[in-house]
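Geometric and topological summary
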Amino acid sequence: MQKKAPFTIVTKTAALSGAAHGQRAKCIQRLIRLDMPVPHTVALGFDVVHKIANGTAFDLTELLAGFGADPLVSVRPSPEYQEWGGPSTVLDVGMNDALLVSLSEAIGSEAARSIYLRFIVSFAVDVARLDPELFDDVDNSREGLLSALDIYQEEMDEPFPQDPAEQLATVLRSMARAWEGPSARLLRQSRGAPVDAGLGLVVQRMALGLGAPESGSGVIQFVSSETGHPQITGRYLSQSQGREALAKPAQALYLERDTRGLSLEEVCPEGFAELQALSDILRTGLREEMQIEFALDAGKLSVLDAVKVPRAPRAAVRIAVSLAESGVITKEDALLRIEPRALPELLHRQVDMAAPRDVIARGMAASPGAATGVLVFSAAAAQAAAAQDTPCILVRPETAPEDIRGMHAAAAVMTQKGGMTSHAAVIARGLGKPCIVGTSGAAIDVKAKQMTLPGGRVFAAGDTVTLDGTAGECLAGEVPLIEPSLDGSFRTLMAWADQARDIGIRVNADTPADAEVARRFDADGIGLCRTEHMFFDEDRLTVMHEMIFAETAEARAAALERLLPMQRADFGSLFEIMRGKPVCIRLFDPPLHEFLPTSREGVFGLAEALDLSVSTVSQRIEALSEYNPMLGMRGVRLGIAMPEIYDMQARAIFEATLDASLRGAIITPEIMLPLVSARREVELIKSNIDAVAAAVRTERGVRFNYRLGVMVETPRAALKAGEIAEITDFLSFGTNDLTQMTYGLSRDDAGRFMGSYVQQGVFSEDPFHTLDADGVGELLNIAADRGRATRSDLTLSICGEHGGDPDSIDFCRKARFTYVSCSPFRVPVARMAAAHLALTDVPMEKKPRRFNILGRVLRSGS
Ligand code: PEP
Ligand code: MG
């Protein structure tokens, strides 16, 4: 026995909710509340649709009665969030032989036939799941219509259903079941929907869009989906454009103007003006830019539906800022409508979404953006290409410090090995260059200067490719790119983010160029300057080599004496660019052998430059090599074994500070020691640096202070943070090394199996990308507690790559760190993420529901 269908007529006061009937039903109610001319609409809730999917049959007589004697309705999906998708809309339900006759009298037989034909094809394909090709040869003639009915009967073994209630029941069941099918479920889960997400359905009287003086149907929006600027966009299909087009609406889309070259404004100025006025009402009433679906029936306008204007990230920013500036929403709302992770798309070139993609290699998306160039397989080749203004993509098995100049020269970088904090990934992010690491599939042969794909396809040096660092894919050939945009709206929004956030965002900047980017992105200071990157320029590398090859402390000091003015100039320009904002300089960190050549030609060149025998150079290189350099003589260990290096750096910092103060900048430099594991290390270096400071004070006759800090990047330093904090002003967590050492997992090799580890749930995320709050985070909390216990004003921060990751920033904010420090191009993302965290960090009971630009819930609550 059939039950009576429980349904809700959508009126201003009907009890409807997005959580029970879906976003579309709720939105239509809002349109009605705003007095929009919406045709009669009925909503079916999630529970009813679920029962229909499970085979419950409902009596639809009463529901259909509301649509008159000859009901003609559309059925649309209404999931809780538009982005979760849903089955296709079915139009013209109720159309049958009898209605064909009466409609033919009202609007002409051709128009009536096209409606019937459209319904038969849609019912056959979307509901009965017949192949669309079956209807390819069917036209809008009388014979064509009869043949469509015959095809249906032949395929289905029954005549096309004539009873509107039966048609509607079949359509509802088909849509309900489609929603519960595995592929639809997987798709919506990938878009953030829960496993048990429900579907509502909306049944609405069809506005036919037929009859003189002007009839038709379409969608319209008054802002651009690409830029967010005012622009009329949409499609309108006038009845006068012919029935053929009406039967296949998708083929008749056009922007602004119809196929006669007429715009809606020209064919129906009143209808257009009315739509413009309605759009203004929607903008303020729904606090959104809406795309309106409408129909004109003999000049009379109906609003069928409205959805948020689909938008690219740059348009989302412009729309949010414009709504806030016109007082429609608050600044806070504007901020919360922009997903921080969407911002990189604004800062870098991107591959055009519509472009064809011939993917030749896949890897980890280590640094976003896209670039096209010719393949090169060595840093030297990258520099040679740059010298000829030829953009190139540097491909290496992995990169080392000696590749840095090649990376500067390349448009993008790809490495076969490595993870999210490998050398290539960290440097590329700092440079703002697209980068993919840990590529699988393509076998790179540096000697032969080529890479071979699994199918045997070969790409050689000089071949053009496009590297998409956002997607983690390398594409064959030149692919259209979209330029970045940092317009006024972006700056306005970022300024609002700064007002909202309550944690500092500094930048990891090693060079004046990095610092310039940092200032452009309004970082609060430099949180990490990796000084070793300053030594890779040609002129400095030679002096570095002299220093490394020095036999005695005096000879070493002489080489360092030559490096001193260079370092002083480096720090001076950082201070100048940052204009009084704090600058934290980390003393030399890597093992010395990283500065030495690995190739035979390199060794010969070095012997020549230093006027030494090849065997002496080789022996020295051999002597410096270590079994495990990452755990060997690097960081503070080098500073203790060869104190002249840190002495020179400290002097350069202090002298640059005093020079800057002569130019009016008041600076208290911050000096940070890498790879500390014991308090005694800090004591030794501190007394050396204090001595340098005293000497500079005496020489210059000027007083100054400095702050000393320790990078907590060994587990022992975290455990001993209490005693280390007694003699330091700040602790900065180097979470790249700390993650590496806590897991016992090489940051340069993790890429090889990280994918399968995450896939199999061993790690929920790549811990080099998102801070492992459970394990590494526990060490951070222990260190923070112990450090604060001895020194309540201790400054705490992180400067590993995690500093730019929103989830990791959440952790640092909760742990009450003073700031996070991240790569220059991640600064805007970090500023926005910090603002979101501050704005959404209110007691649960006070939290309203918030949605991001994709409509996903940012926070839930009552
Ligand atoms: C770290 O280890 O987290 C860090 C910032 O230092 P680096 O990446 O230079 O080793
Ligand atoms: Mg480190």
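In the block above lies the structure referred to throughout.
**Description of the overall build of the protein**
- Assigned secondary structure in the protein consists of 34 helices and 33 strands.
- Seen along its three principal axes, the alpha-carbon backbone of the protein occupies a region of about 105 × 60 × 50 Å.
- Residue burial in the protein is summarised as follows: out of 862 residues, 55% are buried.
- In the form shown here, the protein has an accessible surface area of approximately 35,500 Å², with 51% of it arising from carbon and sulfur atoms.
- Computed over 89 positive and 113 negative side-chain charges, the inter-centroid distance for the protein is 6 Å.

**Details of the site of ligand 1**
- Neighbouring residues of ligand 1: Leu528, Arg530, Arg586, Met711, Glu713, Gly734, Thr735, Asn736, Asp737, Arg747, Cys799 and Gly800.
- Within the side chain of Glu713, one N or O atom sits 2.9 Å away from an oxygen atom of ligand 1.
- Protein chains shield 95% of the accessible area of ligand 1, which is 290 Å² for the free molecule.
- Elements that contribute at least two residues to the shell around ligand 1 include exactly strand S25 (526-530) and helix H30 (735-743).

**Brief notes about the pattern of salt bridges**
- Scanning all chains against the criterion turns up 48 salt bridges.
- Taking the shortest distance from any N to any O, the salt bridge between Arg337 and Glu288 comes out at 3.4 Å. Here Arg337, found in the loop between helix H14 (331-336) and helix H15 (344-347), pairs with Glu288, found in the loop between helix H12 (269-285) and strand S10 (290-297); they are 49 residues apart in sequence, far enough to count as distant. Here Arg337 matches Glu288 in class, with each residue buried.
- For Arg362, the salt bridge is made with Glu473, and the minimal N-O distance between the two is 3.0 Å.

**A short note on helix H21 (residues 538-549)**
- Along its 12 residues, H21 runs 17 Å from first to last C-alpha, staying within 8% of the 16 Å computed at 1.5 Å per residue.
- Among the structural elements, helix H17 (404-409), helix H22 (553-578), helix H23 (600-610), helix H24 (614-624) and helix H26 (643-662) are those in contact with the buried residues of H21.

**Side note on the pairing of strand S3 (residues 41-44)**
- Residues Thr41 and Ala43 point to one face of S3 and Val42 and Leu44 to the other, with burial holding for every one of them.
- Across two bridges, strand S2 (residues 8-9) lies against S3 in antiparallel orientation. For Thr8, the partnering residue across the bridge sits in S3 and is Ala43.

**Observations regarding a negative patch on the surface**
- Side chains of Asp131, Glu133, Asp136, Asp137, Asp150, Glu154 and Glu155 sit close together on the surface and give a patch of like negative charge.
- Position of Glu133 among the secondary structure elements: in the loop between helix H6 (109-127) and helix H7 (142-156).

**Remarks on the side chain of Gln167**
- With respect to the secondary-structure elements, Gln167 resides in helix H8 (residues 164-180).
- A polar contact is formed between the side chain of Gln167 and the backbone oxygen of Pro161, at a distance of 2.9 Å.
- Setting aside residues up to four positions removed in sequence, Gln167 forms contacts with Val93, Gly94, Met95, Asn96, Phe119, Phe123, Phe160, Pro161 and Gln162.

**Side note on the coordination of the magnesium ion (ligand 2)**
- Only Glu713 (OE) and Asp737 (OD) from the protein coordinate the magnesium ion (ligand 2), and they sit 2.1 to 2.2 Å from it. Of this pair, Glu713 sits in the loop between strand S28 (707-712) and helix H28 (715-719) while Asp737 sits in helix H30, and the two are 24 residues apart along the sequence. Of the two residues examined, Glu713 and Asp737, each falls in the buried class.

**Details of the pairing of strand S31 (residues 819-822)**
- Taking every second residue as pointing to the same face, both faces of S31 are buried, with Tyr819 and Ser821 on one and Val820 and Cys822 on the other.
- Two strands pair when backbone bridges link them, and strand S30 (residues 795-798) and S31 are joined in this way by two bridges, in the parallel orientation. What sits directly across from Ser797, in S31, is Tyr819.
- Handedness of the crossover is the feature at issue here: the chain leaves S30, passes through helix H33 (residues 806-814), returns alongside S31, and the resulting connection is right-handed.

**Let's talk about unusual backbone geometry**
- The backbone of Arg129 sits at a positive phi, close to 60°, despite the residue not being glycine.
- Relative to the helices and strands, Arg129 resides in the loop between H6 and H7.
- On the accessibility criterion, Arg129 (52% relative accessible area) is exposed.
- For Asp157, which is not glycine, the phi torsion reads 65° and is therefore positive.
- Residue position: Asp157 is located in the loop between H7 and H8.
- A relative accessible area of 73% places Asp157 in the exposed class.

**Looking at the packing of aromatic side chains**
- Applying the stated criterion to the full structure yields 18 aromatic pairs.
- On the basis of an interplanar angle of 75° and a centroid distance of 4.8 Å, the ring pair of Tyr81 and Trp84 is categorised as edge-to-face.
- Overall, Trp84 belongs to the buried group, its relative accessible area being 7%.
- Ring geometry for Phe222 versus Phe272: centroids 6.1 Å apart, planes at 55°, classification tilted. Remark: Phe272 occurs in helix H12 and Phe222 occurs in strand S8 (residues 216-223); sequence separation between them is 50 residues. Neither residue differs from the other here; Phe222 and Phe272 are each classed as buried.
- Through a chain of ring-to-ring contacts, the aromatic side chains of Tyr116, Phe119, Phe123, Tyr152 and Phe160 assemble into a single cluster.
- Note that Arg506 overlies the ring of Tyr819, its terminal NZ or CZ placed 3.9 Å from the centroid.
- In this arrangement the basic side chain of Arg520 is found over the ring face of Phe521, its NZ or CZ atom lying 5.5 Å from the centre.

**Observations concerning the nonpolar core**
- Of all hydrophobic cores here, the largest spans 155 residues; its most connected members are Phe654, Ile689 and Phe817.
- When residues in this core are grouped by element, the largest group, 10 residues, is from H26.
- When residues no more than four places from it in sequence are discounted, the contact partners of Ile689 are Leu587, Ala650, Phe654, Ile671, Leu673, Tyr706 and Leu708.
- If you look at the next biggest cluster of nonpolar residues, it comprises 54 residues, including Leu64, Val73, Trp84 and Ile115.

**Brief notes about the sheet that holds strand S21 (residues 464-468)**
- Reading around the barrel, the seven strands line up as S13-S17-S16-S15-S14-S21-S22 and close back on themselves, with mixed pairing between neighbours. Along the sheet, successive strands turn relative to each other by an average axial angle of 40°, direction set aside.
- Strand direction decides the pairing type here: strand S15 (residues 392-396) and strand S16 (residues 412-415), joined by four bridges, are parallel. Bridged to Val395 within S16 is Met414.
- Contacting strand S14 (370-376) and S15, helix H16 (residues 379-387) crosses the sheet at an angle of about 175° to S15.

**Here we look at the environment of Leu610**
- Relative to the helices and strands, Leu610 is located in helix H23.
- Spatially, the C-alpha atoms of Leu610 and Thr542 are 8.3 Å apart, while their sequence positions differ by 68 residues.

About the cut-offs
- Residues numbered from 1 in each chain as written.
- Chains lettered and ligands numbered in written order.
- Predicted model: local features only at pLDDT ≥ 70, side-chain atom pairs only at ≥ 80, totals over all residues.
- Heavy atoms only, no water.
- Helix = DSSP H or I, 4+ residues; strand = E, 2+ residues; numbered from the N terminus.
- Buried < 20%, exposed > 50% of the residue type's maximum accessible area, 1.4 Å probe, protein only.
- Areas by Shrake-Rupley, 256 points an atom, 1.4 Å probe, with all protein chains shown as cover.
- Lys, Arg positive; Asp, Glu negative; His and termini not counted.
- Charge placed at Lys NZ, Arg CZ, Asp CG, Glu CD.
- Near = heavy atom within 4 Å.
- Polar contact = N/O pair within 3.5 Å; in protein donor to acceptor, adjacent residues only side chain to side chain.
- Salt bridge = Lys/Arg side-chain N within 4 Å of Asp/Glu carboxyl O.
- Expected span 1.5 Å × (residues − 1).
- Contact = heavy atoms within 4.5 Å.
- Pairing = 2+ DSSP bridges.
- Patch = residues over 30% accessible without salt bridge, like charges linked within 9 Å, V, L, I, M, F, W, Y side chains within 5 Å.
- Donors = N, O, S within 2.8 Å, 3.2 Å for Na, K, Ca; no water.
- Right-handed = clockwise from strand over helix to strand, strands pointing away.
- Phe/Tyr/Trp six-rings, centres within 6.5 Å; stacked < 30°, edge-to-face > 60°.
- Lys NZ or Arg CZ within 6 Å of the ring centre and 35° of its normal.
- Core = buried A, V, L, I, M, F, W, Y, C linked by side-chain atoms within 4.5 Å.
- Axes fitted to C-alpha atoms, helices over the stretch in contact; angles between N-to-C directions.

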